[in-house]
Amino acid sequence: QVQLVEAGGGLVQTGGSLRLSCAASGKTFSFIAIAWYRQATGKQRELVASITSRGSTNYADSVKVRFTISRDNANNTMYLRMNSLKPEDTAVYYCYVANPGPKFYWGQGTQVTVSS
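Everything numeric in this text was worked out from a predicted model, so none of it was measured.

Thresholds, definitions, all that
Residues numbered from 1 in each chain as written. Predicted model: local features only at pLDDT ≥ 70, side-chain atom pairs only at ≥ 80, totals over all residues. Heavy atoms only, no water. Pairing = 2+ DSSP bridges. Helix = DSSP H or I, 4+ residues; strand = E, 2+ residues; numbered from the N terminus. Axes fitted to C-alpha atoms, helices over the stretch in contact; angles between N-to-C directions. Salt bridge = Lys/Arg side-chain N within 4 Å of Asp/Glu carboxyl O. Buried < 20%, exposed > 50% of the residue type's maximum accessible area, 1.4 Å probe, protein only.

Novice: What exactly am I supposed to notice about the sheet that holds strand E7 (residues 67–72) here?
Specialist: Strands in a sheet are paired, the pairing made by backbone hydrogen bonds, and the direction either parallel or antiparallel. Strand order in the open sheet made by the four strands is E1-E3-E8-E7, with antiparallel pairing throughout. Pairing within the sheet leaves two strands with one partner each, and these edge strands are strand E1 (4–7) and E7. Geometrically, the sheet is characterised by an average inter-axis angle of 15° between neighbouring strands, direction not taken into account. Across six bridges, the pairing between strand E3 (residues 18–24) and strand E8 (residues 77–82) is antiparallel. Looking at E8, one finds that arginine 19 is bridged to arginine 81.

See the structure below:
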C-alpha cells in the first residue's frame, strides 16, 4: 500500500512563502509523473506544477516563477515551494503520483490560505 501524507499548509499574509511537503510511504518515486494540484472553494481542481519521469517540469501560468516543484529521493518526499503568495493562491493543495502499472495516488490535501 502506498500513502501520501501532506504537510506545510497554513495561513500566510500576501507576499509570504510556504513550503508544502508530501511524504510517500512506499516506492512512489519510481514515477511516471509527480504533481501538485489545487482546488479553491467553488472551483475546479487545477494542475499547479508537475515533473515527468523524463525530468520535464511544467507550471501553471499563474504560478510560474513564484512556485517550484522538487523532490528528495532520500526521504521519498516531494515539495512545492511557494513564494510571493497571493490571495488567489488560497486553495486546498493535493500531491499526486503516477507510478508504473499504472497506479495513481493522491494526498489528503492541505489548506493554504493567503490573507490580503
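Novice: Would you explain the pairing of E7 in this entry?
Specialist: On any regular strand, side chains alternate: one points to one face of the sheet, the next to the other face. As defined by bridge partners, E7 adjoins E8 across six bridges and the pair is classed as antiparallel. Following the sheet pairing, phenylalanine 67 is matched in E8 by methionine 82. Hairpin geometry of E7 and E8 is characterised by an intervening segment of four residues between the two adjacent antiparallel strands and by a positive phi of about 50° at asparagine 76.

Novice: What is the right way to read the pattern of salt bridges from this model?
Specialist: For side chains of opposite charge, pairing can occur when their charged atoms come near one another. With the rule as written, the count across this model stands at four salt bridges. Ionic pairing is found between glutamate 46 and arginine 38, a salt bridge with its closest N-O pair at 2.8 Å. The class for arginine 38 is buried, based on a relative accessible area of 5%. With a closest N to O distance of 3.0 Å, aspartate 89 and arginine 38 form a salt bridge. Residue aspartate 89 is located in the loop between E8 and strand E9 (91–99), and its partner arginine 38 is located in strand E4 (residues 33–39); the two are separated by 51 residues in the primary sequence. Across this residue pair, the class does not change: aspartate 89 and arginine 38 are buried.

Shape is all these values report; function is a separate question.
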